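Spelled out, the chains give:
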Amino acid sequence: GNKMESLSDSLSGLNLHNPSSSSNDDVKKSEAETYLGFIGTEIAPDEQEYENKIGGRANWLGKPMDVVCDSCKGSMALFIQIFAPVPASLAYDRMLYLFGCPTCQSWKLIRSQKKIAVVEKKEEVKEPQKEEKEDEWGMGDDDDEDDLDLNSLLEKRDQIIEATDSIPEPSKKTKQKTKAKILVPDGVVRSFEMEVDKEPASSSKDNHIAQLVSQYNQQEKRDQQEIKSEGGWDDEEYEANKETFLKYQKRIEREPQQILRYSLRGSPLCMSKQTFDGIPKCKCGQTRIFEMQIMATILSLHPDGFNPIGATSQSDFGNLIGFTCPASCGGESNQMEYVFVESSI
């Protein structure tokens, strides 16, 4: 089926809520909606249908780039791709691409934009389509009018999907067969569609969280011993970071399968206390803002450990935190943004 249709359908039924403020006390940003990414169905590396995906080859909005590692000069693999329109740049389609080199443990975040073509015939369909894409990451869902537009669009899409599905019924079987035979070339990360949902409010799992707090308190000494035995924090570091780490664990327990967090102008969810004073400004002079982060959970949830096929080194991180230009500057172009790497514990 169509991923965008099913995701928008699920998101349109969700109520807005304000997630609790960030577990990182050093980042003081306004609260923002948080959307979570999850690993979906495996897809072919060159699949163009999915705008939000893990691995594969980049679906460039504009001119394709060969992204090269600054250290070893080798080609970097695509790890994450998301469609992320923002209010600062509504005239453009906008994508974020995360590339990595496991050998050098280096990462690059590229923002690509392409002016939205206004075609008279398609104008009526184009507008709600744009709103629907915005809705996936939490834009354009503030009033009932948007829901009406979205619902009417979904009805149209349902009709199209029904008409299409009725013709090639065997194609579903073919897809299943193909899925088992997907070949992934060396240097490419095995690809999956990314499913998106809003982070549940804490109240939905209050009892579970309370149990966890109790459990964490009981296991605190054991956790400390584990961290120390693995060459992590010493006593002083553990005490300084304990509260942040426990908050981090409690927060991800709302949805343990999450691999990505998206919260434009929100705050990253860190394992340990971090300061982001050293984030370089955008070349336009503006201070970059938090937009998204990749969680360490993907290292265990991705079947290849979130590594390209044939890689001799393994991806290793606590969080990959993406900071972007608040003005989304550069017009129709590819722009380098900034990745802050929080080390694994």
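Above this text is the structure in question.
Just so it is clear, the structure is predicted and the values come from calculations on it, not from any experiment.

Draft legend 1. Molecular detail of the pattern of salt bridges. Overall, the coordinates contain eleven salt bridges when judged by the stated rule. Between R288 and E337 there is a salt bridge; the shortest N-O distance is 2.7 Å. In this pair, R288 is assigned in the loop between β7 (260–262) and β8 (289–295) and E337 in the loop between β10 (334–336) and β11 (338–342), connecting sequence segments 49 residues apart. Taken as a pair, R288 and E337 share a single burial class, namely buried. In the salt-bridge network here, residues are joined through shared partners; they are E199, R251, R254 and R261.

Draft legend 2. Geometry of the nonpolar core. With 27 residues, the main nonpolar core has I80, I82, L98, L260, Y262, I294 and F306 as its most contacted residues. At the level of elements, β3 (77–83), β4 (92–101), β5 (106–115), β6 (192–198), β7 and β8 are the ones that each hand at least two residues to this core. Considering every element that reaches this core, the biggest residue donor is β3, with four residues. Setting aside chain neighbours within four positions, we find I294 in contact with I80, L98, I259, L260, F306, F317, G318, N319 and L320. Within the second largest apolar cluster, 13 residues are counted, among which are L61, V67, M95 and C101.

Draft legend 3. Looking closely at the packing of aromatic side chains. Applying the stated criterion across every chain yields a total of ten aromatic pairs. Considering the side-chain rings of W60 and F99, the 5.8 Å spacing of their centres and the 10° angle between planes classify their relative orientation as stacked. Taken together, the positions of W60 in the loop between β2 (53–54) and β3 and F99 in strand β4 put the pair 39 residues apart, joining distant regions of the chain. Each member of the pair W60 and F99 is classed as buried. Plain terms: the ring middles of F276 and F323 are 5.3 Å apart, the flat faces sit at 50° to each other, and that makes the pair tilted. Of the two residues, F276 sits in the loop between β7 and β8 while F323 sits in strand β9 (residues 319–324), which places them 47 residues apart along the sequence. When its relative accessible area of 12% is taken as the criterion, F276 is described as buried. Cluster of aromatic residues (ring-pair linked, three or more members): F79, W107, F306 and F317.

Draft legend 4. Focus on the environment of D316. Turning to its location among the elements, D316 is positioned in the loop between α7 (297–301) and β9. Between the C-alpha atom of D316 and that of Q105, which follows or precedes it by 211 residues, the distance is 7.3 Å. Not counting residues up to four positions away in its chain, the partners in contact with D316 are Q105, L299 and S344. Here S344 takes part through its side chain, which lies 3.1 Å from a polar atom of the side chain of D316.

Rules of the game
Residues numbered from 1 in each chain as written. Predicted model: local features only at pLDDT ≥ 70, side-chain atom pairs only at ≥ 80, totals over all residues. Heavy atoms only, no water. Salt bridge = Lys/Arg side-chain N within 4 Å of Asp/Glu carboxyl O. Helix = DSSP H or I, 4+ residues; strand = E, 2+ residues; numbered from the N terminus. Buried < 20%, exposed > 50% of the residue type's maximum accessible area, 1.4 Å probe, protein only. Core = buried A, V, L, I, M, F, W, Y, C linked by side-chain atoms within 4.5 Å. Contact = heavy atoms within 4.5 Å. Phe/Tyr/Trp six-rings, centres within 6.5 Å; stacked < 30°, edge-to-face > 60°. Polar contact = N/O pair within 3.5 Å; in protein donor to acceptor, adjacent residues only side chain to side chain.

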